[in-house]
Every structure is written in C-alpha cells, then in structure tokens.
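Read off the chains here:
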Amino acid sequence: MIEVHAFATPNSVKVSIALEELGLAYDLKAVNVRKGEQKEAAFVALNPNGKVPVLVDDGLVVTESAAILVYLAEKTGKLLPSDAAARIRVFEQLFFHASALSPAFGNAGFFKRSSPEPQPIAEARFSTEAERILRLLDVKLADQAFMAGEAFTIADIAHFGWLWRRQFPGLTLDERPNFSRWYEEVAARPAVQRAIARVEALVEAPASAA
Ligand SMILES: N[C@@H](CCC(=O)N[C@@H](CS)C(=O)NCC(=O)O)C(=O)O
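Residues numbered from 1 in each chain as written. Predicted model: local features only at pLDDT ≥ 70, side-chain atom pairs only at ≥ 80, totals over all residues.

Colleague: Lay out helix α1 (residues 10-22) with the relevant residues and their values.
Modeller: A rise of 1.5 Å per residue sets the reference length of α1, with its 13 residues, at 18 Å; its end C-alpha atoms lie 19 Å apart and thus fit the reference within 8%. With 12 of 13 residues buried, α1 is to be regarded as a mostly interior element. Against the buried residues of α1 lie β1 (2-6), β2 (26-30), β3 (54-57), α3 (65-76), α6 (154-164) and α8 (190-201). Downstream of α1 by a residue or two, Gly23 has a phi angle that is positive, lying close to 70°. (Helix = DSSP H or I, 4+ residues; strand = E, 2+ residues; numbered from the N terminus. Expected span 1.5 Å × (residues − 1). Buried ≥ 20, exposed ≤ 12 C-beta atoms within 10 Å, placed from the backbone. Contact = placed C-beta atoms within 7 Å.)

Structural data, given as structure tokens:
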C-alpha cells in the first residue's frame, strides 16, 4: 500500500487530498514536525531534505509535494489534463505555487509568528508579496472556475494546502470574493474534508517517523 509520511501541515494535506480524490488507499504515518521528528535519522534517510511530505509507492520514494501530485496524477490519469494546452496551465500553477505562493506564505508566517526576534522589513516584504499573490489569483478566479481553467486539478490541490493554513501568515480572503468562492467550493468536497480529518488526527497520533 502507498505510505505517506506527513503531519497536519500545508504541504502534507495536499498529498492526502489527492489520494482521497483519486480513491487510492494509503497508510498515513505521523512525522511530528513540532517535535522535530523530520530531522531524525530514520526520516532523513527517506528524505535528506528533512521535510514532509514523503510518499512511498512500491519502494519508490517521492519527495516535494508538487512532484508527488504530478506522480499521483500520472499514475491514475486523473486531475491533470492530457491536452498540452490545458496541461501546461496546471504546470504553470504548480511552479507558481512552489516558487512564489508557498515561500511567501511560509516566510510571512515565520516572520510574523516564529522569528526569535522581530524583523519588520522581512515580515513586511513577505506579507506584501503574499497579499500580491492573493490579489493576482483572485483576479484569475474572476474569469475561471478553478486555478488552471474550468476543471478541478492538482493545481487546486496545491494552492488549497496553503490557503487552508492562511491564518499562519495572518492572511484572510475577506476582500477576495472570487478566491473565497473557490476556497469554499474546494473545502466542501468530501475528499478534501476526509483528507483534512486524516492529517489533523496525526497531531494526536503516537509518533512513527518512518
Ligand atoms: N517544497 C517542499 C516544502 C516542504 C515543507 O516545507 N514542509 C514543511 C511542512 S509543510 C516541513 O517539513 N517543515 C519542517 C522543517 O522545515 O523542518 C514541498 O512542497 O514538499
């Protein structure tokens, strides 16, 4: 069975959502990042980068949430269009997520909540960038139902992970009507709700890093 090493985090939940959407069975193993289990030897042997999520499928180890989403979509032929023009829209959003949205949200949250000392310039820089990205996607969603067009794809799953945890960087969708409409629609999907429940349950689960 597919194994997923994860926690209740923005990047982890994406993998669980994809697996639930695709109807694939998986064994979810808790790596408690609040206790630093992602830096323990057993886990680093799996992912030298020391971060969740990691997926293991029949001995194949896949790291990086965007790569895992592509792997699962290609394995099943779902959630990623085969038509070249539609497919590249999904990849645009995945790369945009990994290089822009995810670092902006993560760093805005770090400088707002976790930095050992206040760093106002860094906090402002990443918060401003995160707001700019929200505005950009809100405009996109005025003209299309989902992030990469009219179909729900792994691009939506990627962005949803961080939007689900938007309180960490102190962001809201209050002034973003198109983004709010998209978020509510994705959050209401039964597979998304099952995935969130499963990763949230890891917080209480006994540690099992690898
Ligand atoms: N680019 C990676 C980022 C993974 C990542 O930052 N994971 C976080 C949790 S969402 C983590 O493991 N943080 C603990 C750490 O960095 O030590 C991906 O998309 O999978």
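Colleague: Requested: an account of the pairing of strand β4 (residues 60-63), with residues and values cited.
Modeller: In terms of strand pairing, β3 meets β4 through four bridges, oriented antiparallel. Pairing of Asp57 across the sheet is with Leu60, part of β4. Counting the residues that bridge the hairpin from β3 to β4 gives two residues, and of these Asp58 lies at a positive phi of roughly 55°. (Pairing = 2+ DSSP bridges.)

Colleague: Before we move on, could you go through the sheet that holds β1 and cite the residues and values that matter?
Modeller: Strands sit in the order β2-β1-β3-β4 across an open sheet of four strands; the sheet is mixed. Of all strands in the sheet, those with a lone pairing partner are β2 and β4, marking the two edges. Taking the axes of each pair of neighbouring strands and ignoring which way they run, one obtains an average angle of 20° across the sheet. Across five bridges, β1 lies against β2 in parallel orientation. Each bridged residue has a counterpart across the sheet, and for Ile2 the counterpart in β2 is Tyr26. (Axes fitted to C-alpha atoms, helices over the stretch in contact; angles between N-to-C directions.)

Colleague: So what's going on with the packing of helix α4 (residues 84-114) against helix α5 (residues 120-143)? Which residues, and what values?
Modeller: Their axes nearest at 8 Å, the elements α4 and α5 cross at an angle of 140°. One finds that α4 runs oblique with respect to α5. The handedness of the crossing between α4 and α5 is left-handed. Facing α4, whose interface residues are Ala100, Leu101, Ala104, Phe105, Asn107, Ala108, Phe111 and Lys112, α5 presents Ala122, Glu123, Phe126, Ser127, Glu129, Ala130 and Ile133. (Parallel < 35°, antiparallel > 145°, perpendicular 65-115°, else oblique. Left-handed = near helix turned anticlockwise from the far one by under 90°.)

Colleague: Provide a residue-level description of the nonpolar core, including the pertinent values.
Modeller: By size, the foremost hydrophobic cluster in this structure holds 57 residues, and its most contacted members are Ala6, Phe7, Ala18, Leu69, Ala130 and Ile154. With eight residues, α6 is the largest single contributor of residues to this core. Two domains each put at least three residues into this core: domain 1 (2-78 + 193-201) and domain 2 (84-189). Beyond its immediate stretch of four places on either side in the chain, Ala18 contacts Leu69, Leu72, Leu79, Ile154 and Ile157. (Core = buried A, V, L, I, M, F, W, Y, C linked by C-beta atoms within 7 Å. Domains from an automatic or database assignment.)

Take it as geometry only, folks, not as evidence of what the structure does.
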